[in-house]
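Per-entry structural report
Each chain, letter by letter, is given below.
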Amino acid sequence: MIKGLCHSFDFIENLTSLTFLSLSYNTIGQRISSELRSHSLKVLVFRYNRLDMMWEGGTYTYLNLFTNLHQLEILDISYNKLQTVPHTVIDNLPRGLKKLYITFNEITFFHWKSISSLVSLTILDLSQNLLNFLPKEPVYFGSNFTFLSLESNKIQTLNQAFFSNCSTLKYLIVKNNNIKLINENSLPETLLQNLQYLDVSGNPLQCTCDAHWFIRFSKSAKLLLKHASTGLVCDLPESKHGQSLFSIDTQSCQDIYGNLLFVSTASIVAFFTLFPILKKLFWWDIWYTTQILKAAFRKENTCIKNAYNSEYDAFIVFDTQKYAIVDWVYNELVSHLEKKERKHFKLCLEERDWVAGKSRLENLCDAVYKSRRTVFVLGTNGFECGLLRHAFFMAQQRLLDEKMDVAVLVLLDKEVKMSKYLLSRKRVCKKSILHWPCNPQGQP
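Here is what the cut-offs are and how they apply
Residue numbers run consecutively from 1 along every chain, following the written order of its sequence. In keeping with the predicted nature of the model, local features appear solely for residues at pLDDT of at least 70, side-chain atom pairs appear and are counted solely at 80 or more, and the whole-chain, interface and lining totals rest on all residues. For the side-chain quantities, the full set of heavy atoms in the structure was used; hydrogens and water were omitted. Here, strands pair whenever DSSP counts at least two bridges between them. Helix and strand definitions here come from DSSP, where helices need a minimum of 4 consecutive H or I residues and strands a minimum of 2 consecutive E residues; each element is numbered from the N-terminal end. In this description, contact between two residues means that some pair of their heavy atoms is separated by no more than 4.5 Å. Only the stretch in contact is used when a helix axis is fitted, and all axes are lines through C-alpha atoms; the angle between N-to-C directions ranges over 0 to 180 degrees. Any cysteine sulfur atom paired with another within 2.5 Å is treated as part of a disulfide. Note on classification: 1.4 Å probe, protein chains only; a residue is buried when its accessible area is under 20% of the maximum for its type, exposed when over 50%, partly exposed between these limits. Side-chain atoms within 4.5 Å are what join buried Ala, Val, Leu, Ile, Met, Phe, Trp, Tyr and Cys residues into a set we call a nonpolar core.

This paragraph deals with the sheet that holds strand S13 (residues 347-348). Ordered by their spatial adjacency, five strands build an open sheet running S13-S12-S14-S15-S16, and the pairing between neighbours is parallel. A single partner strand is all that each edge strand has here, and the edge strands are S13 and strand S16 (433-435). The pairing of strand S12 (residues 312-317) with S13 spans two bridges and is parallel. Across the sheet, the residue bridging to Ala314 is Leu347, located in S13. Set on the sheet, helix H8 (residues 323-338) makes contact with S12, S13, strand S14 (371-378) and strand S15 (407-411); between it and S14 the angle comes to about 145°. Packing against the sheet, helix H11 (residues 386-402) makes contact with S12 and S14, and its axis sits at approximately 145° to S14.

Next up, the structure:
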């Protein structure tokens, strides 16, 4: 090309029998016809020119350069220092284009969605570029599309979404990229059913158990896996560096699943072995703690509802055979709670408030269920008194029926006999256990 002159290619339209044209090695970048026109040209080789300058951002002069080559079937625009191909250029390419070569450029981004406009395309070659990813969305290639080369780019992963509409693809070349792993999520089943040729050699593969699927697929698939014996080389881990992918012992990968199975079964056996022992030793504590926690969750609503239905504020239950306890109840507890001027509490006492003619058990049941709280006054012997034990069972029954914990324990002796019930209650709800001091007058 002569620099400084504007070159017209209008004469091409007059060459009615022209089918092949090469304009390579002309460094064409500007000062030419804005469009090439021909009704007979089928092959155009446009290598080693400067389409990057002609299609640079903000320049619209040459976007339709190839549009009016109506019979064009093969277009080669390799070695044009392209960083991308404007989507307008792809959209305006002849609809009959079958083969498109865009190799040895500097393309970092490609407008894949525009490929759907090339309905007759069979071959797309984007090898020797700088593409580093494939979009995670379907690309709609035409029904005649059979060949895709992405050789020598920087692609890191393959994904099913990109290839989901490539059911007619038969030749796929992704050699010399940065692909580390090919698994069941890389290529869709619809593609693998028709694929005849696959080349993934020259990638820095990770030879771990994650590659087990691809090894199994390579051995069972009917397609031609190019350079399978020499090109599939491990990069990581370092212990496998430089070795063939097929050097992995797939049996060792299965051992991992075997170990998981062993751990799972051992855990199940241990559980069913220990569960009866734990149930025997701690079942009562677990059950009682559960009931207390349920009561705590429903405490507010239950207390409000029962406040209006309760006849007594508290039912005082104690061993009436112990004179010291009886004396303390009537002279200390009752006198302070019922006769205090600031606040009066209505108490239920066995010898005073139980109805004559009713059985002892009926009176006990009424006293527990008609009182907001059941106060157990315990001496050294704890719950050895029959009345205390029956009242305790009634209080626990109310805990189950109404999910309301009504028990309050007053311990008059530090040496009180501890039962499993008292120990559990100390751990779960300490506030319901009161220790009466030996000298209450000396307390603040």
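One pass over the full model with this rule turns up one disulfide. Across a sulfur-sulfur distance of 1.7 Å, Cys207 and Cys234 are joined as a disulfide pair. Its S-S torsion of approximately -95° makes the covalent link between Cys207 and Cys234 left-handed. In this pair, Cys207 sits in the loop between strand S9 (205-206) and helix H5 (212-220) while Cys234 sits in strand S11 (residues 234-236), placing the two residues 27 residues apart along the sequence. With respect to burial, Cys207 and Cys234 carry one shared label: buried.

Further remarks concern the nonpolar core. Side chains of nonpolar character tend, in soluble globular proteins, to be buried together. Among the nonpolar cores identified, the biggest contains 74 residues, and Trp55, Phe66, Phe110, Trp112 and Leu124 are the most heavily contacted of them. The contacts of Phe110, once residues within four sequence positions are left out, are Val85, Ile90, Ile102, Ile115, Leu124, Leu126 and Leu131. Residues Cys348, Ala407, Leu411 and Leu422 belong to the second largest nonpolar core, which totals 27 residues.

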